[in-house]
Amino acid sequence: MSTVNVVGLGYIGLPTALMFATHGVSVVGTDYNRDLVDKLSAGELTFEEKGLDELFRAALDAGIEFRCDYIETDTYIVAVPTPYDKDSKRIDPTYVISAVKSVLEVCPDGATVVLESTVSPGTMDRYVRPLCEGIGKTVHLVHAPERIIPGNMVYELEHNARTIGADCPEIGEAVKALYASFCQGEIVVTDIRTAEMTKVVENTFRDINIAFANELTKICRQADMNVYEIIRIANKHPRVNILSPGPGVGGHCISVDPWFLVGDYPGLANLIWQARKINDSMPEFVLGRIHDIMREHGIRDVSRVGLYGLTYKENVDDVRESPTLQMLECMERHLAGGVKVYDPWVCRDIVENQYHDLDKFLADVDIVVLLVGHSEIRENMDKLSGKIVLDTRNVCDLPGTYRL
Ligand code: SAJ
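As the structure is a computational prediction, the values presented were derived from the model and not from experiment.

Let's hear about the site of the ligand: which residues, and what values?
Near the ligand you find 19 residues, and of these Arg147, Lys199, Asn203, Arg206 and Tyr312 are the closest. Here an oxygen atom of the ligand and a backbone polar atom of Ile148 are 2.8 Å apart. Measuring from an oxygen atom of the ligand, one finds a side-chain N or O atom of Lys313 at 2.9 Å. Burial of the ligand by the surrounding chains reaches 88%, relative to a free accessible area of 760 Å². Class assignment of the residues belonging to the shell around the ligand gives a composition of nine nonpolar, four polar and six charged. Two domains each provide a minimum of three residues to the shell around the ligand, namely domain 1 (4–190) and domain 2 (225–403).

A description of the sheet that holds strand 7 (residues 162–166) should follow, citing residues and the corresponding values.
The strand order across the open sheet built from eight strands is 3-2-1-4-5-6-7-8, with neighbouring strands paired in mixed fashion. Only two strands of the sheet have a single partner each, and these edge strands are strand 3 (65–67) and strand 8 (187–190). Across this sheet, the average inter-strand angle for adjacent strands is 25 degrees, counted without regard to direction. Note: strand 2 (residues 27–30) against strand 3, three bridges, orientation parallel. If you follow Val28 over to strand 3, its bridge partner there is Glu65. Relative to the sheet, helix 8 (residues 192–223) contacts strand 6 (139–143), strand 7 and strand 8, its axis offset from that of strand 6 by approximately 30 degrees.

So what's going on with the environment of Tyr265? Residues and values would help.
Tracing the backbone shows Tyr265 in the loop between helix 10 (257–264) and helix 11 (270–280). Residue class for Tyr265 comes out partly exposed when judged on its relative accessible area of 35%. Taking C-alpha positions, Tyr265 is 33 Å from Arg221, a pair spaced 44 residues apart along the chain.

Outline the nonpolar core, listing residues and values.
Among the nonpolar cores identified, the biggest contains 38 residues, and Leu18, Phe20, Val27, Ile64, Phe66, Ile77 and Tyr179 are the most heavily contacted of them. Examining the composition of this core, we find that six residues originate from one element, helix 1 (residues 13–21), more than from any other. Ignoring sequence-local partners within four residues, the contact set of Tyr179 consists of Phe20, Ile77, Val114, Glu116, Ala144, Arg162, Ile164 and Ile187. Formed by 36 residues, the second largest nonpolar core is a distinct cluster that contains Leu216, Ile293, Val302 and Val319.

Describe the pairing of strand 1 (residues 4–7), listing the residues and the values that go with them.
Each regular strand displays side chains that alternate between the two surfaces of the sheet. Of the two faces of strand 1, the one holding Val4 and Val6 and the one holding Asn5 and Val7 are both buried throughout. At this point the chain moves from strand 1, through helix 1, to the parallel strand 2, and the crossover so formed is right-handed. By the bridge criterion, four bridges tie strand 1 to strand 4 (residues 75–78) in an arrangement that is parallel. Bridged to Val4 within strand 4 is Thr75.

Could you give me a rundown of the domain arrangement of the chain, with the residues and numbers involved?
Domain boundaries assigned for the chain yield domain 1 (4–190) and domain 2 (225–403). For domain 1 versus domain 2, the separation of C-alpha centres amounts to 33 Å. Contacts between the two partners involve 19 residues from domain 1, matched on the other side by 16 residues from domain 2. Both faces combined, the contact of domain 1 with domain 2 buries some 1,500 Å², and carbon together with sulfur accounts for 56% of it. Contact with domain 2 buries area across many residues of domain 1, yet Tyr11, Tyr84 and Lys89 alone supply 34% of it, more than any other trio.

Break down the packing of aromatic side chains for me, with residues and values.
Counted under the stated rule, the structure contains nine aromatic pairs. Seen from their ring centres, Tyr342 and Phe361 are 5.4 Å apart, and the 25 degrees between their planes marks the pair as stacked. One end of the pair, Tyr342, is in strand 10 (residues 340–342); the other, Phe361, is in helix 14 (residues 358–363), with 19 residues separating them in the sequence. Of the aromatic side chains, those joined through ring pairs into one cluster are Tyr308, Tyr342, Tyr355 and Phe361. The ring of Trp273 carries the charged tip of Lys277 above its face, separated from the ring centre by 4.2 Å.

An account of helix 8 is requested, with residue identities and associated values reported.
The end-to-end C-alpha distance of helix 8, which contains 32 residues, comes to 47 Å, matching closely the 46 Å that a straight helix rising 1.5 Å per residue would cover. Just downstream of helix 8 lies Asp224, where phi reads positive at about 55 degrees.

Kindly report on the environment of Ile208, identifying the contributing residues and their values.
The topology assignment puts Ile208 in helix 8. Separated by 68 residues in the primary sequence, Ile208 and Arg276 place their C-alpha atoms 7.6 Å from one another. Discounting chain neighbours no more than four positions away, the residues touching Ile208 are Leu271, Ile272 and Ala275.

Mind laying out the packing of helix 12 (residues 282–296) against helix 13 (residues 323–333), listing which residues take part and the relevant values?
Closest axis-to-axis distance for the helix 12/helix 13 pair is 9 Å, and the angle between their directions is 65 degrees. Of the two possible hands of crossing, helix 12 and helix 13 adopt the one that is right-handed. Side by side, helix 12 and helix 13 meet where Pro283, Glu284, Val286, Leu287 and Ile290 of the first sit next to Pro323, Gln326, Met327, Cys330, Met331 and Arg333 of the second.

Criteria and thresholds
Residues numbered from 1 in each chain as written. Predicted model: local features only at pLDDT ≥ 70, side-chain atom pairs only at ≥ 80, totals over all residues. Heavy atoms only, no water. Near = heavy atom within 4 Å. Polar contact = N/O pair within 3.5 Å; in protein donor to acceptor, adjacent residues only side chain to side chain. Areas by Shrake-Rupley, 256 points an atom, 1.4 Å probe, with all protein chains shown as cover. Nonpolar A, V, L, I, M, F, W, Y, C, P; charged D, E, K, R; others polar. Domains from an automatic or database assignment. Pairing = 2+ DSSP bridges. Helix = DSSP H or I, 4+ residues; strand = E, 2+ residues; numbered from the N terminus. Axes fitted to C-alpha atoms, helices over the stretch in contact; angles between N-to-C directions. Contact = heavy atoms within 4.5 Å. Buried < 20%, exposed > 50% of the residue type's maximum accessible area, 1.4 Å probe, protein only. Core = buried A, V, L, I, M, F, W, Y, C linked by side-chain atoms within 4.5 Å. Right-handed = clockwise from strand over helix to strand, strands pointing away. Buried area = accessible area lost by both parts, 1.4 Å probe. Phe/Tyr/Trp six-rings, centres within 6.5 Å; stacked < 30°, edge-to-face > 60°. Lys NZ or Arg CZ within 6 Å of the ring centre and 35° of its normal. Expected span 1.5 Å × (residues − 1). Left-handed = near helix turned anticlockwise from the far one by under 90°.

Given below as structure tokens:
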């Protein structure tokens, strides 16, 4: 088998490249970020993830290479970011276009280009296929969207089912065989448009389910009822599975992908749009809860409030679209600065009044708002006794804890 060139060495591309490399596939990883390539080549990982370090070491031993240039080979796997334009709610295909263009410059006739990045349905036809026309060589396009969950990526790469969308079954089967080198889950081969749509639908389903939980939270707050108890009991029904309410939906997937459908199908994607609005309203809802609690306790000084957690969810170091950052933005708009912030997973200073020591952080605040349920705080709940706690993740069982 010839070398696979994995393009884009971020959260998805890097673990995928490492997985191939440790399962008998020769791999070159390409990224335009020289600093990243240098670090990886020097044996330095750029983000934390359970099991990634061991996988990285094994891939280095197996001979994986990292470079800034693209190689001439039969198979390319492209995993570059696909942000969306915040105003139009449409996908921004800039990175995909530029990566595919670079691949097309070097690839031989008959090469296969697999796009793993999540894209809005129709992206391959609209933006990628035209790039392959009139270049004097045949290129087989494939869309193989990734499903791994941050925090459990290495396990899920091996065990999740996958979708391969291809123009013809033979190419689909060849790519399936490649992924089967490490993937033990079912690999379904379909067409490209179906693969694109399926991926976005999966994440949209989750967003809508969380929005339902968040809307129930608001209803239960007004009705003075315990939303967690209600969801816990409702979920005992064999066909009900409501997700958990929270301070908002962050990360680069669930909070982004539904917008692709809203942007492309305005007027049709109504439920999807409402769900996005509900989830986006949660940081402000939490702020309202903080103000109520401050008033109840006669606390006027916002600097006595501490936000625990900056990442978008527990036990990851990713802060993209984080509900805490959305809350801080909202606070700035309301001119209420001075709030203190701490997250054991975020070592760099990214916001004002950020602490790097849990004890020091707790010593300086009266109200602690739990925005992320990192294992660290779950294992140190006793440190919160004596504090006024607003728990937005249902992780604290200390008496007197306020909930969403
Ligand atoms: N959240 C809630 N309540 C819940 C579950 C999650 O408020 O019950 C919040 C989280 O705190 C977080 C956000 O939603 O802010 C998203 O977290 P997540 O764990 O649902 O998803 P991601 O973004 O970490 O990863 C998702 C995964 N998708 C699904 O579980 C359907 C993953 O499998 C996908 O591969 C990934 O998106 C992706 O790349 O699309």
